[in-house]
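Chain by chain, the residues run as shown.
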Amino acid sequence: MIKILLIDDEEDFCFFIKGNLERTGRFSVYTADNGELGLDMAKAYNPDLVLLDLVMPDISGDEVAGWFEHDPDISHIPIIFLTAIVTKEETGKNNYKEIGGRFFIAKPISTNDLIKAIEEHLGQ
Amino acid sequence: MQYYSRSHKSNIFYIRLTAIISLAYMLVFEPGSFENKFWSYLYIALYMGTNLILSALPDRLFYKRKFYNLLVCFDTIMITLGIYLVGQVETSFYLIYFFIIGIAALSTDFRYLMINTGLFVLIYGWIMYNQGNLSGEYATLYALRLPFVFVVSLLFGYIIDAVIKDINKDLKDSEEKFRSLVQSIEGYVFMLDRQGQLISTNRALARQLRTSEDKLIGCFYTQVFPSSLVQSLTPHVEYVMSTQSWTQFEWHDEDNDRWYLTSLHPVFDSWTKELAAVSVVAKDTTKRVQAEHELRAAYDKLQQTQEQLIQKSKLETIGRLSSGIAHQLRNPLEIILIGSEFIEGGIDQKNKQMIQAVHKIKQAVYRANNIVEDFLRFSKSADFTLDPLQVCSLLQETKKMVDHKLQKHGVDFRLACADPNLAVQANHNALQQVFVNLFTNAVEAQEENGRIDVSVYPEDGGAEPEKREEETHSAGQSWVVVEVADNGPGMNEEELSKAFEPFYTTKQDSRGTGLGLSIAKMIMEHHQGKIEAHSLVGEGTTFKVYLQPA
């Protein structure tokens, strides 16, 4: 079972992602609608991967990623950013790409593509 | 002028006085004249009186030819009357008198006249002496004839000479005046006769043609002028000759890069009133023309900068809007997408209708996302900078990006570069986006045995139809043109007119967003270039992309 922490301010998005991923039976998904909660949950559940929305109202995904990097408890957890402002040319056909040491997934992404990206990132 | 006239006046006064005195002598000493001397004395007094009046006349009369003519008439009548009073009318002397007037009138040189008169007086004196006229009863009268002849000749000769001299002087003065006027004109002045031969020129023209004024006279202008001038001058000369009205044109001396405002006027013969010549004045207006050109260039530059600024702010606004729209739209799109997948997971796989419904919702999401994608892609190229780049290698690179589409549709792609090193001022990514769009459109327009012909060539200004009218004054703009031609079904006029409108598409289903060409157009505007579409139904469509050469 792969543990995934999804940090996104869109509650509906979190709800559907959780539903879709967990239905496969291979993932267990924790969701947080802001960075602070996400940080606490990461420490509490020690997920295998964090899906982090880049654009959030109070604290941006960028900042949250900084906290993760500087916290030795959770700095080992890989992060994939979710963003709406990249083009297909930038992310490639699978909507997934590494840019400057960071990994991006472009919204909108289908569940299948998301799973592919997660698997690829975790080397499975 | 004043000096000459004053001297004429006193000279004429003294010569007339001498003539009157010699007449008076003859009248007084003549024994055969009328018994009553009263008329003779009256005559002498009157004649003397007129001479006194003459001395009191204002100087300015002595400028006038008419006055001299009157004076000659008056003196002729008076002297004829004097000779009549002397009683010599029936003698040979009277004939000699008219002979003298004739000689004086015909003479052109006062000195020769006086020498001739002197010789005549000597010969006449010798003849009279030989015939014995100088001795005897009428000796005094005969002797007096000799100074009289001399004085009358002197009088008429002097008056006529004064008139001729004045006429010549007037002519000379006016010629000199006009000559210096013509010479002082900066530029070229010349006159052509009806055959096109030079009948006068100024020094500046002779100097320009590296010859002298005299050598130019009589030459055909077509033979001595530089051919560029002949070419532009000839139609105007012909115009003046045929219409007998004046004209004007601006001549550009390309060899020396100078401009001349050239005016041609007809010159009419003062007797026949027919066109006799064409006068040409070419005034150097280089400084003015240069200033005009500089002004125009500055104005164009200003306008261009203004357009660039407007274009830039337009692009920036679109860019800001696009990324905002992308974020705001894509989040709900994502929810719809994964939401419908969530529903999909809960549906019985046998329920085909529901599965299809979900599939359609997902397709709609992708279609909406394509529109966002186009905007976003454009906004990312909105802050581009222009650099010189080789357009042919860019096209080859772009071709690779659409290779899979070409293969899928079985379309033959040909690229013809006039010069592989042809460089343009462009932004790599933005220009690539334009060509990806054009290639994709071309591929998708094809049905079977499709072909895309891409050609690249430089083009000089003037040939392009749109801007021709507004740019007649500035030097023609040169372009690098990329032509993308397909042999698809083509577009009708209505489709063609809407081709660059946003959201207009002829593509079925979700393939097109209708933004490709409108974005391409915006990108080309930012490149100070343009894009044109030409199409014929059934024959295909050609897009022409005009780029600024680097």
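Residues numbered from 1 in each chain as written. Chains lettered and ligands numbered in written order. Predicted model: local features only at pLDDT ≥ 70, side-chain atom pairs only at ≥ 80, totals over all residues. Heavy atoms only, no water.

**With respect to the overall build of chain B**
Put simply, the rule reads: Runs of H or I in DSSP of at least four residues are treated as helices and runs of E of at least two as strands, each being numbered from the N terminus. Exposure categories follow from relative accessible area, calculated using a 1.4 Å probe and restricted to protein chains: below 20% of the type maximum is buried, above 50% is exposed, and the middle band is partly exposed. Computed with a 1.4 Å probe, the accessible areas rest on the Shrake-Rupley method; for each residue, only the protein chains presented here act as cover.
Helices and strands together make up the secondary structure of chain B, namely 17 helices and 12 strands. Buried residues in chain B amount to 41% of all 550 residues. Within the structure as shown, chain B displays about 31,000 Å² of accessible surface, and the carbon and sulfur contribution to it stands at 57%.

**Observations concerning the overall build of chain A**
For the record, the criterion: Contacts are assigned to residue pairs that have any heavy atoms within 4.5 Å of one another.
A count of helical and extended segments in chain A gives five helices and six strands. Traced from its N-terminal end to its C-terminal end, chain A shows the element sequence β-α-β-α-β-α-β-α-β-β-α. Taking the intrachain contacts of chain A between residues at least 6 apart in sequence as the baseline, contacts between residues at least 24 apart amount to 65%.

**Some details on the pairing of strand E5 (residues 275-284) of chain B**
Within a regular strand, side chains alternate between the sheet's two faces. All names here are of chain B. To keep it simple, the criterion reads: One requirement defines pairing of two strands: DSSP has to find at least two bridges between them.
One ladder, built from seven bridges, connects strand E1 (residues 187-193) with E5; its direction is antiparallel. Each residue of the ladder has a partner; that of Gly187, found in E5, is Lys283. Of the strand pairs in this sheet, strand E4 (residues 258-268) and E5 are connected by nine bridges, and their pairing is antiparallel. Looking at the pairing, Pro266 lines up with Val278 of E5. Between the end of E4 and the start of E5, which pair antiparallel, lie six residues, with Lys273 showing a positive phi angle near 60°.

**Quick word on the interface of chain B and chain A**
Convention followed: Using a 1.4 Å probe, buried area is obtained as the accessible area two parts lose upon being combined, added over both of them. A carboxyl oxygen of Asp or Glu within 4 Å of a side-chain nitrogen of Lys or Arg is what we treat as a salt bridge. Polar contact is the term for a pair of N or O atoms within 3.5 Å; when the atoms are in protein, one must be able to donate a hydrogen and the other to accept it, and sequence-neighboring residues count only if both atoms are side-chain atoms. Think of it as three bins: nonpolar holds Ala, Val, Leu, Ile, Met, Phe, Trp, Tyr, Cys and Pro, charged holds Asp, Glu, Lys and Arg, and polar takes everything else, Gly as well.
Facing the 23 residues of chain B at the interface are 22 residues of chain A. Between chain B and chain A, a total of about 2,100 Å² is buried, with carbon and sulfur atoms accounting for 60% of that surface. On inspection of chain B and its partner chain A, the count reaches zero salt bridges. The tally of links from chain B across to chain A stands at eight residue pairs in polar contact (both at pLDDT 80 or more). Residue assignment for the side of chain B that touches chain A shows that the elements contributing at least two residues are helix H11 (286-346) and helix H12 (352-380) of chain B. The element best represented in the side of chain B that touches chain A is H11 of chain B, accounting for 15 residues. Split into classes, the residues belonging to the side of chain B that touches chain A amount to nine nonpolar, eight polar and six charged.

**Points about the sheet that holds strand E3 (residues 247-253) of chain B**
Residues and elements named next belong to chain B. What counts here: Axis lines are fitted through C-alpha atoms, for helices just across the contact stretch, and the angle between N-to-C directions can take any value from 0 to 180 degrees.
Ordered in space as E2-E1-E5-E4-E3, the five strands form an open sheet in which the pairing is antiparallel. Each having just a single partner strand, strand E2 (198-201) and E3 make up the two edges of the open sheet. Each neighbouring strand pair of the sheet contributes to a mean axis angle of 25°, computed without reference to strand direction. Contacting E1, E3, E4 and E5, helix H10 (residues 227-243) crosses the sheet at an angle of about 175° to E3.

**Regarding the nonpolar core**
Residue and element names in this part refer to chain B. Rules: Nonpolar core, defined: a set of buried Ala, Val, Leu, Ile, Met, Phe, Trp, Tyr and Cys residues in which side-chain atoms within 4.5 Å join the residues together.
By size, the foremost hydrophobic cluster in this structure holds 48 residues, and its most contacted members are Ile12, Tyr43, Ile79, Tyr97 and Phe148. Those elements that provide at least two residues to this core are helix H1 (2-29), helix H2 (38-56), helix H3 (65-86), helix H4 (92-106), helix H5 (110-130) and helix H6 (139-184). Excluding residues that lie within four positions of it along the chain, Tyr97 makes contacts with Asp75, Thr76, Ile79, Thr80, Ile83, Phe148, Val152 and Phe156. Within the second largest apolar cluster, 43 residues are counted, among which are Leu394, Phe413, Val443 and Ile523.

**Observations regarding the side chain of Lys544 of chain B**
Residues and elements named next belong to chain B. Here is the rule: Residues scored as charged are limited to Lys and Arg (positive) and Asp and Glu (negative), so that His and the chain ends carry no count.
Looking at the element boundaries, Lys544 is found in strand E12 (residues 540-547). The buried charged residue Lys544 lacks any salt bridge, with Glu483 as its nearest oppositely charged partner at 4.2 Å. Apart from residues lying up to four places away in sequence, Lys544 is in contact with Tyr457, Val481, Val482, Glu483, Lys530, Ile531, Glu532 and His534.

**Focus: the packing of aromatic side chains**
Short version of the rule: Any pair of Phe, Tyr and Trp rings, taking the six-membered ring for Trp, is counted once the centres come within 6.5 Å. Such a pair is stacked with planes under 30 degrees apart, edge-to-face with planes over 60 apart, and tilted for the rest.
Tallying each qualifying case throughout the model produces 19 aromatic pairs over all chains. Here Phe13 of chain B and Tyr14 of chain B contribute two aromatic rings whose centre-to-centre distance is 5.3 Å and whose plane-to-plane angle is 75°, an arrangement assigned as edge-to-face. Ring geometry for Phe120 of chain B and Tyr124 of chain B: centres 5.8 Å apart, planes at 15°, overall stacked. Within this pair, Phe120 of chain B and its partner Tyr124 of chain B are both found in helix H5, separated by four residues, close to a single helical turn. According to the relative accessible area criterion, Phe120 of chain B is partly exposed, its value standing at 22%. A connected cluster of aromatic rings, assembled from ring pairs, spans Phe15 and Phe16 of chain A together with Phe342 of chain B.

**Structural notes on unusual backbone geometry**
Between Lys107 of chain A and the following residue, Pro108 of chain A, the backbone shows a cis peptide bond with an omega angle of -5°. With respect to the helices and strands, Pro108 of chain A occurs in the loop between strand E6 (102-106) and helix H5 (111-122). Positive phi is not limited to glycine here, since Gln244 of chain B has a value of about 55°. By secondary structure assignment, the location of Gln244 of chain B is in the loop between H10 and E3. Using a relative accessible area of 37% as the deciding quantity, one classes Gln244 of chain B as partly exposed. Despite not being glycine, Gln528 of chain B shows a phi value in the positive range, around 60°. Along the chain, Gln528 of chain B turns up in the loop between helix H17 (516-526) and strand E11 (530-536). With relative accessibility at 18%, the residue Gln528 of chain B sits in the buried group.

**A few points about the sheet that holds strand E2 (residues 27-32) of chain A**
All names here are of chain A. With mixed pairing, six strands are arranged side by side in an open sheet as E2-E1-E3-E4-E6-E5. Every other strand in the sheet has two partners, leaving E2 and strand E5 (96-99) as the edge strands with one partner each. Taken over all neighbouring pairs, the strand axes of this sheet differ in orientation by 25° on average, direction set aside.

**Description of the confidence of the model for chain B**
Residues and elements named next belong to chain B. The following threshold applies: Here pLDDT means the predictor's own confidence in every residue, given as a number from 0 to 100.
In the predicted model, chain B carries a mean pLDDT of 82, and 91% of its residues have values of at least 70. The low-confidence segment residues 463-475, where pLDDT is below 50, has 13 contacts with residues more than four positions distant or belonging to other chains. As a predicted assembly, this complex carries a pTM of 0.46 together with an ipTM value of 0.84.

**What to know about the pattern of salt bridges**
Counted by the stated rule, this structure contains 21 salt bridges over all chains. Here Glu373 of chain B makes a salt bridge to Arg330 of chain B, at a shortest N to O gap of 2.7 Å. Taken as a pair, Glu373 of chain B in helix H12 and Arg330 of chain B in helix H11 lie far apart in primary sequence, 43 residues in all. The class for Glu373 of chain B is buried, based on a relative accessible area of 3%. Close ionic contact of Glu532 of chain B with Lys530 of chain B constitutes a salt bridge, the shortest N to O distance being 3.0 Å. As far as burial versus exposure is concerned, Glu532 of chain B and Lys530 of chain B are alike and both buried. Through salt bridges with shared partners, a single network forms among Asp8, Asp53 and Lys107 of chain A.

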